[in-house]
Amino acid sequence: MRRVNFSGLAAVYRAADGVAAAVSSSHQFAQLALYSSSSNSYSKSRWFFDNYSNMAQKSAFAVAGAVVFSVAASSAADEVYAKEPLPPNVRPDDVVLYQYEACPFCNKVKAFLDYYNIPYKIVEVNPLSKKEIKWSDYKKVPILMVDGEQMVDSSVIIDKLSPKIRPSVAVKPSQEADDEEKKWRGWVDNHLVHILSPNIYRNTSEALESFEYITSHGNFSFTERITAKYAGAAAMYFVSKKLKKKYDITDERSALYEAAETWVDALNGRDFLGGAKPNLADLAVFGVLRPIRYLKSGKDMVEHTRIGAWYSRMESAVGESSRIKS
Ligand SMILES: N[C@@H](CCC(=O)N[C@@H](CS)C(=O)NCC(=O)O)C(=O)O
């Protein structure tokens with residue numbers, strides 16, 4: 001493997017070269033998506049691949065694009081709020097989540113599983129080879145296998161699981177509460193997730209901080225790990241500038257703070273959007289923010305907005321992960 005040199009873009013390309021050498025075929029790169037929150041944004045962001053034939057550059061983007069976020073640190077809040085208890089008869093027997101540890105959509109599904117205390121196993125997918133999901137026609141994560149049934153797309157997964165689980169929840173939400181929950185779940189998928197990448201890759205130190213976590217927690221080979229950190233961080237730094245344009249974000253931090261304040265306004269004095277307990281919108285906002293909470297952007301967000309109190313309540317309510325370690 002080549003030595004990583006830290007001087008500017010040349011170093012990035014050298015690092016990317018190393019990644020290219022670590023994987024076997026150019027086809028793999030072409031398959032890898034630039035991180036996006038929808039297939040539409042994926043296809044639009046293909047411009048970069050299409051304009052750069054250099055393999056090393058593509059590989060940097062493949063790594064950078066495949067995983068985006070860091071993960072949460074554990075809660076320091078008191079256990080005042082509790083998980084939703086489920087009778088054992090509604091709990092699936094065998095749940096396996098194919099994921100990238102740092103993916104916001106995967107973390108959304110995990111927040112749901114953790115809150116309802118549904119035990120699940122994790123298969124960490126290598127974002128370059130994706131060999132762990134070769135068996136599936138769906139090429140993104142999360143993929144959730146529930147007693148042998150494949151479920152894909154985070155919101156669809158939660159839509160499928162929640163009716164099985166929520167009939168057992170004692171108090172039925174009103175139509176108005178249902179509509180509110182739906183509206184804010186949509187806001188997470190269509191607005192909030194788009195603000196995250198420009199924030200965590202805002203400058204070189206934040207991009208490196210993000211990739212430090214990603215490369216140390218994701219499923220990378222040794223070679224990929226060393227090179228991906230620098231190549232990926234640099235690549236995502238540039239991508240995040242493009243994403244800002246695409247989503248019309250002028251100041252990413254202001255946009256993040258504004259989103260956090262918008263969410264607190266939506267709570268309108270309630271502990272959770274769901275009232276005394278989190279609903280699916282609370283879980284979605286919490287899930288996508290969890291990976292960034294203890295990065296610089298997340299710390300800034302908590303320091304400069306009113307979201308911290310709600311976030312701590314969510315940490316407390318969601319509690320320990322229900323993941324089964326194999
Ligand atoms: N709408 C999907 C989006 C899933 C998604 O874009 N996942 C990213 C990872 S964060 C992905 O798998 N991208 C394709 C790739 O890595 O090749 C969802 O909510 O689950």
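For the structure itself, consult the block above.
All values derive from a computational prediction rather than experimental measurement. (Residues numbered from 1 in each chain as written. Predicted model: local features only at pLDDT ≥ 70, side-chain atom pairs only at ≥ 80, totals over all residues. Heavy atoms only, no water.)

Peer 1: An account of the packing of helix α8 (residues 175-200) against helix α11 (residues 252-267) is requested, with residue identities and associated values reported.
Peer 2: Relative placement of two packed helices is described by the angle separating their axes and the distance separating the axes. The N-to-C vectors of α8 and α11 enclose an angle of 160°; their axes lie 9 Å apart at closest approach. As judged from the angle between their axes, α8 and α11 are roughly antiparallel. For the pair α8 and α11, the sense of crossing is left-handed. Counted together, Glu-180, Trp-184, Trp-187, His-191, Leu-192, Ile-195, Leu-196, Pro-198 and Asn-199 of α8 and Glu-252, Arg-253, Ala-255, Leu-256, Ala-259, Thr-262, Trp-263 and Ala-266 of α11 form the full contact between these two elements. Tallied by class, the residues present in the contact of α8 with α11 amount to 11 nonpolar, 3 polar and 3 charged. (Axes fitted to C-alpha atoms, helices over the stretch in contact; angles between N-to-C directions. Helix = DSSP H or I, 4+ residues; strand = E, 2+ residues; numbered from the N terminus. Parallel < 35°, antiparallel > 145°, perpendicular 65-115°, else oblique. Left-handed = near helix turned anticlockwise from the far one by under 90°. Contact = heavy atoms within 4.5 Å. Nonpolar A, V, L, I, M, F, W, Y, C, P; charged D, E, K, R; others polar.)

Peer 1: Just give me the short version of the pattern of salt bridges, but keep the residues and values in it.
Peer 2: The tally for this structure, following the rule as stated, stands at 17 salt bridges. Here Glu-206 and Arg-202 are joined by a salt bridge, their closest N and O atoms 2.9 Å apart. With a relative accessible area of 3%, Glu-206 lands in the buried category. Judged by relative accessible area, which is 23%, Arg-202 ranks as partly exposed. Two residues, Asp-265 and Arg-306, come together in a salt bridge whose shortest N-O distance is 2.8 Å. With Asp-265 in helix α11 and Arg-306 in the loop between α13 (296-304) and α14 (307-318), this pair connects stretches of sequence that are 41 residues apart. Residue classification places Arg-306 among the partly exposed positions, given a relative accessible area of 45%. Salt bridges linked by common partners bring Arg-202, Glu-206, Arg-253, Lys-296 and Asp-300 together as one network. (Salt bridge = Lys/Arg side-chain N within 4 Å of Asp/Glu carboxyl O. Buried < 20%, exposed > 50% of the residue type's maximum accessible area, 1.4 Å probe, protein only.)

Peer 1: Explain the environment of Ser-197 residue by residue, including any values.
Peer 2: Within the element layout of this structure, Ser-197 appears in helix α8. Between the C-alpha atoms of Ser-197 and Leu-243, which are 46 residues apart in sequence, the distance is 7.9 Å.

Peer 1: Requested: an account of the packing of aromatic side chains, with residues and values cited.
Peer 2: Scanning the model with the defined rule gives 12 aromatic pairs in all. Judged by centre distance (5.1 Å) and plane angle (85°), the ring pair of Tyr-81 and Phe-272 falls under edge-to-face. Taken as a pair, Tyr-81 in the loop between α5 (55-66) and β1 (95-99) and Phe-272 in the loop between α11 and α12 (280-289) lie far apart in primary sequence, 191 residues in all. The exposure class of Phe-272 is buried, given its relative accessible area of 0%. Seen in terms of ring centroids, Phe-112 and Tyr-116 are 5.0 Å apart; in terms of plane orientation they differ by 55°. Their pairing is tilted. In this structure, Phe-112 and Tyr-116 share a single accessibility class: buried. In textbook terms, an aromatic cluster arises when at least three aromatic residues are bridged by ring pairs, as seen for Trp-184, Trp-187, Trp-263, Phe-286, Trp-310 and Tyr-311. Cation over ring: Arg-293 sits above Tyr-294, and NZ or CZ is 4.3 Å from the ring centre. The side chain of Arg-293 reaches across the aromatic face of Tyr-311, ending 5.7 Å from its centre. (Phe/Tyr/Trp six-rings, centres within 6.5 Å; stacked < 30°, edge-to-face > 60°. Lys NZ or Arg CZ within 6 Å of the ring centre and 35° of its normal.)

Peer 1: Explain the packing of helix α6 (residues 104-115) against α12 to me, using residue names and the numbers behind them.
Peer 2: Their axes nearest at 7 Å, the elements α6 and α12 cross at an angle of 130°. Classed by the angle they form, the pair α6 and α12 counts as oblique. In this structure, α6 meets α12 at a crossing whose hand is right-handed. In contact with Pro-104, Asn-107, Lys-108, Ala-111, Phe-112 and Tyr-115 of α6, α12 contributes Leu-280, Leu-283, Ala-284, Phe-286, Gly-287 and Val-288.

Peer 1: Go over unusual backbone geometry with me, naming the residues and quoting the values.
Peer 2: For residues besides glycine, phi is generally negative; the peptide bonds are generally trans as well. Of note, the bond from Val-141 into Pro-142 is cis; its omega dihedral lies within 30 degrees of zero at 5°. As for its position among the elements, Pro-142 is in the loop between β2 (121-124) and β3 (143-146). Positive phi outside glycine occurs at Asn-117, with the angle close to 55°. Take Asn-117: it is sitting in the loop between α6 and β2. Unusually for a residue other than glycine, Asp-248 sits at a positive phi of about 60°. Note on placement: Asp-248 falls in the loop between α10 (222-246) and α11.

Peer 1: Can you break down the environment of Val-109 residue by residue, with the values?
Peer 2: As for its position among the elements, Val-109 is in helix α6. The spacing of Val-109 and Leu-283 is 174 residues in sequence and 8.7 Å in space, taken between C-alpha atoms. Beyond its immediate sequence surroundings of up to four residues, Val-109 is in contact with Leu-97, Pro-142, Leu-144, Ser-154, Ile-157 and Ile-158.

Peer 1: Could you give an account of the sheet that holds β3, with specific residues and numbers?
Peer 2: Strands sit in the order β2-β1-β3-β4 across an open sheet of 4 strands; the sheet is mixed. Lying at the two open borders of the sheet, with one neighbouring strand each, are β2 and β4 (149-152). Between one strand and the next, the sheet's axes are offset by a mean angle of 20°, whatever the strand orientation. Contacts between helix α7 (residues 154-165) and the sheet are confined to β3 and β4, with β4 contributing the most and set at about 130° to the helix. (Pairing = 2+ DSSP bridges.)

Keep in mind that these numbers describe shape and distance, not what the molecule does.
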